[in-house]
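# A closer look at the structure
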Amino acid sequence: MAAVPWPETANDHTGVVNGLYMFEIEMRDGKRGQAKGVAVLCDGRIMGGDSYFYYTGHYTFRNGKWRGEMTVNQHTEAVGKSLAFAGKEVTCGFSGGYSAGGAEVEGMALVGKTSVSFTARLTLKEAM
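Cut-offs and rules
Residues numbered from 1 in each chain as written. Predicted model: local features only at pLDDT ≥ 70, side-chain atom pairs only at ≥ 80, totals over all residues. Heavy atoms only, no water. Helix = DSSP H or I, 4+ residues; strand = E, 2+ residues; numbered from the N terminus. Buried < 20%, exposed > 50% of the residue type's maximum accessible area, 1.4 Å probe, protein only. Areas by Shrake-Rupley, 256 points an atom, 1.4 Å probe, with all protein chains shown as cover. Core = buried A, V, L, I, M, F, W, Y, C linked by side-chain atoms within 4.5 Å. 1 Å grid on protein atoms, 1.4 Å probe; cavity = no way out; pocket = protein on both sides within 12 Å on 5 of 7 lines; lining within 4 Å. Points joined across faces, edges and corners; volume = space filled by probe spheres on them. Nonpolar A, V, L, I, M, F, W, Y, C, P; charged D, E, K, R; others polar.

## Regarding the overall build of the protein
Each helix and strand counted, the protein has zero helices and eight strands in total. Classification of the 128 residues of the protein by burial places 39% in the buried group. When the accessible area of the protein is evaluated, it comes to approximately 7,300 Å², of which 51% is carbon and sulfur surface.

## Digging into the nonpolar core
Within the largest apolar cluster, 32 residues are counted, with the highest numbers of intra-cluster contacts made by Trp-66 and Phe-85. Contributing elements (two or more residues each) for this core: β1 (19-27), β2 (33-42), β4 (53-62), β5 (65-74), β6 (90-99), β7 (102-111) and β8 (114-127).

## Some points on empty space enclosed by the protein
Over the atoms rolls a probe the size of a water molecule, and its path tells where empty space is left. Tallied over the full model, the rule gives one cavity of 30 Å³ or more. The space that makes up the largest cavity amounts to roughly 160 Å³. The wall of the largest cavity is formed by 13 residues, among which Phe-23, Ile-25, Met-70, Ala-120 and Leu-122 lie closest to the centre. Of all the elements in the fold, those that place two or more residues in the lining of the largest cavity are β1, β2, β5 and β8. The dominant element in the lining of the largest cavity, judged by the number of residues it contributes, is β8, at three residues. Residues belonging to the lining of the largest cavity are distributed by class as follows: 13 nonpolar, no polar and no charged.

## Structural notes on unusual backbone geometry
Positive phi values are uncommon outside glycine, yet Asp-43 reaches one of about 50°. Looking at the secondary structure, you find Asp-43 in the loop between β2 and β3 (45-49). For Asp-43, a relative accessible area of 40% gives the class partly exposed. In this structure, Asn-63 takes a positive phi of about 45° despite not being glycine.

## With respect to the layout of surface pockets
Taken as a whole, the largest pocket holds about 380 Å³ of empty space. Around the largest pocket sit 22 residues that line it, and Met-27, Gln-34, Ala-35, Asp-50 and Phe-53 are the ones nearest its centre. Secondary structure elements with two or more residues in the lining of the largest pocket: β1, β2, β4 and β5. No other element matches β2, which puts four residues into the lining of the largest pocket. Residue classes in the lining of the largest pocket are distributed as 13 nonpolar, four polar and five charged. There is about 210 Å³ of room inside the second largest pocket. Looking at the second largest pocket, the residues that line it are Glu-24, Ile-25, Glu-26, Gln-34, Ala-35, Lys-36, Glu-104, Val-105, Glu-106, Thr-119, Ala-120 and Arg-121. Those elements that provide at least two residues to the lining of the second largest pocket are β1, β2, β7 and β8.

These figures capture arrangement, not role.
This is the structure in structure tokens:
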């Protein structure tokens, strides 16, 4: 899926910068936790991961705002740790703002019957 600006801003060339980002996620509400990792944002696609999970998804953008969805899957067993998303495929929705150097989002994930809100900060490390 290509990164497509919302129709009314099809000529907006200041979109989300394609590149490699470092991210920090902070979960709140029903599950507490945090994660740090890397993600590649490229033409509307999100791919990345951290020590235990990988993330795939897509996004759209307009006028400094963006939104999208991600699916989170566990790739490594966490011996001795209690992970919020352990063993579950979790879909998350998010929205927030972006600039040339990064982005911030707020989002929501449904983990079983528990809603988990989260915030994340992405910092551009290398543009493509």
